[in-house]
Amino acid sequence: MIKNLFNLKGKTALVTGGSQGIGKVISLALAEYGADIVINYRSGQELAQKTYLEITSMGVKCSLIQCDLSLLDSAKTISGFLQENNLEIDILVLNASVQVRKPWIEVTPEEYELQLNTNFRASLFLVQELYPSMQKKNWGRILTVGSVQQIRPHQQMIVYSASKMAQVSMVKSLAPQFAPFGVTINNIAPGAILTGRNEEVLADAKYKAIVESKIPVGYVGEAEDCASLSLVLCSDAGRYITGQDMFVDGGMSLNV
Ligand SMILES: NC(=O)c1ccc[n+]([C@@H]2O[C@H](COP(=O)([O-])OP(=O)(O)OC[C@H]3O[C@@H](n4cnc5c(N)ncnc54)[C@H](OP(=O)(O)O)[C@@H]3O)[C@@H](O)[C@H]2O)c1
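Attention here is on the structure that accompanies the text.

Each value, and the rule that gives it
- Residues numbered from 1 in each chain as written.
- Predicted model: local features only at pLDDT ≥ 70, side-chain atom pairs only at ≥ 80, totals over all residues.
- Helix = DSSP H or I, 4+ residues; strand = E, 2+ residues; numbered from the N terminus.
- Rg over C-alpha atoms; globule rule 2.2 N^0.38 Å.
- Buried ≥ 20, exposed ≤ 12 C-beta atoms within 10 Å, placed from the backbone.
- Contact = placed C-beta atoms within 7 Å.
- Pairing = 2+ DSSP bridges.
- Axes fitted to C-alpha atoms, helices over the stretch in contact; angles between N-to-C directions.
- Near = placed C-beta within 6 Å.
- Nonpolar A, V, L, I, M, F, W, Y, C, P; charged D, E, K, R; others polar.
- Parallel < 35°, antiparallel > 145°, perpendicular 65-115°, else oblique.
- Left-handed = near helix turned anticlockwise from the far one by under 90°.

1. Let's talk about the overall build of the protein chain
Turning to step 1, where the next piece is worked out: Across its full length, the protein chain carries 8 helices and 9 strands.
Turning to step 2, where the next piece is worked out: In terms of overall size, the protein chain behaves like a compact globule, its C-alpha atoms giving a radius of gyration of 17 Å where 256 residues would be expected to give roughly 18 Å.
Turning to step 3, where the next piece is worked out: Along the longest, intermediate and shortest principal axes, the C-alpha atoms of the protein chain span 50 × 40 × 40 Å.
Turning to step 4, where the next piece is worked out: Buried positions account for 44% of the 256 residues belonging to the protein chain.
Turning to step 5, where the next piece is worked out: Partitioning the intrachain contacts of the protein chain with sequence separation of at least 6 by distance along the chain shows that 74% fall at a separation of at least 24.

2. Examining the sheet that holds strand E9 (residues 245-248)
Turning to step 1, where the next piece is worked out: With parallel pairing, the 7 strands of this open sheet are ordered in space as E3-E2-E1-E4-E5-E6-E9. Both edges of this open sheet fall to strand E3 (62-66) and E9, since each of them pairs with a single strand only. Strand-to-strand, the axes of this sheet are offset by a mean angle of 20°, without reference to chain direction.
Turning to step 2, where the next piece is worked out: The strands that helix H2 (residues 45-56) touches are strand E2 (36-41) and E3; relative to E3, the one it contacts most, it runs at about 165°.

3. Notes on the site of the ligand
Turning to step 1, where the next piece is worked out: For the ligand, the set of nearby residues contains 30 residues, the closest of which are Gly17, Gly21, Gly44, Ser97 and Arg197.
Turning to step 2, where the next piece is worked out: Only helix H1 (21-32) and E2 provide two or more residues apiece to the shell around the ligand.
Turning to step 3, where the next piece is worked out: Considering each element in turn, the shell around the ligand owes the most residues, 3 residues, to H1.
Turning to step 4, where the next piece is worked out: Looking at the shell around the ligand, its residues break down into 10 nonpolar, 17 polar and 3 charged.

4. Describing the packing of helix H4 (residues 109-137) against helix H5 (residues 158-178)
Turning to step 1, where the next piece is worked out: The contact between H4 and H5 brings their axes to 9 Å, and the two run at 15°. Here H5 runs roughly parallel to H4, going by the angle between their axes. By crossing handedness, the relation of H4 to H5 is classed as right-handed. Here H4 contributes Glu111, Tyr112, Gln115, Leu116, Asn119, Phe120, Ser123, Leu124, Val127 and Tyr131 to the contact with H5, which in turn contributes Val159, Tyr160, Ser163, Lys164, Ala166, Gln167, Met170, Leu174 and Phe178.

Next comes the structure, spelled out in C-alpha cells:
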C-alpha cells in the first residue's frame, strides 16, 4: 500500500516552458506537493522571475535556466547547468513548444526546423541526458505535453501537429524500456486552453465561439485544468500508468 500518494518532498522537477501558461501551473502544482522546481524558459525573463518568486514563496527551492530548446546543444546546456548546481532531476516535464500558424504551402525550412527541433528533438535529447539518473534511483517520471492536434490537426499548423504526434510515438517507444526501472513516461494532450499563446486570437468573440462549438463541454479550458492529471502522472499515484496519451480537452478530441 503506497502512502502519501502525491507527496513530492525530496524530488526535483524540471519543467520546460515553466515560466507561464500550462508549464507554470504544472510547476506550481508540483511545488504545492513539495517538489523543488527547475524552470526552463526561452526569453521571457520577467515572467520567469515572477514564477520563481511564486514558487519560492511556497517554501520549496526554485532555479531558472534560460535556454532556447531549438538549439542543437540545448539538452547538453541544461544538463551542464544541472550538474554545476548539483541538481538531480526526478521529474521531467517536457512542456515548451513553438507553434507557427500559416498555410502548409508557405512553411519555410527554417519554420519547419524551429518547430521540430523545439517540440521533438529537444524532448528526445533531454530524456537522453536525464533518464540515466532516474534509472539508477529506480524512480522517475517523464511527462510530455502534446495537443489535441495530434489527432485533429489544425490545417494551418502542419508541422506543429506532426511534432506533437512524434512526441507521442517517443512516449510509446520508451515506456516499455523504462518501466522495469520505476520510470514512467506519459503524454497529456490539452485541447483549447487560454494562455498567452492564444490570448489574442481568443479575444475575438467570433473566433472563440467557433472554437467552443467544437468542445463538448462548451468552453475553452484554463491552464489549471491540466494540473491535476499532471500531478497524478508525476507522483507515486501514477506508478502503474505508463505509455499513455491522455486528452485534457473538454471532449474536443471526440470530434463530435
Ligand atoms: N494553450 C493551448 O491551447 C494548448 C493547446 C494544446 C497544447 N498546448 C501545449 O501546451 C504546452 C504549453 O502551452 P502554453 O499555451 O502554456 O504555452 P505558452 O503560454 O505560450 O508558454 C510557452 C512556454 O514555453 C517556453 N518556450 C517556448 N519556446 C521555447 C524554446 N524554444 N525554448 C525554451 N522554452 C520555450 C516559453 O518561454 P518564453 O516565454 O521565455 O518564450 C514559455 O515558458 C505547449 O507544448 C503547447 O503546445 C497548448
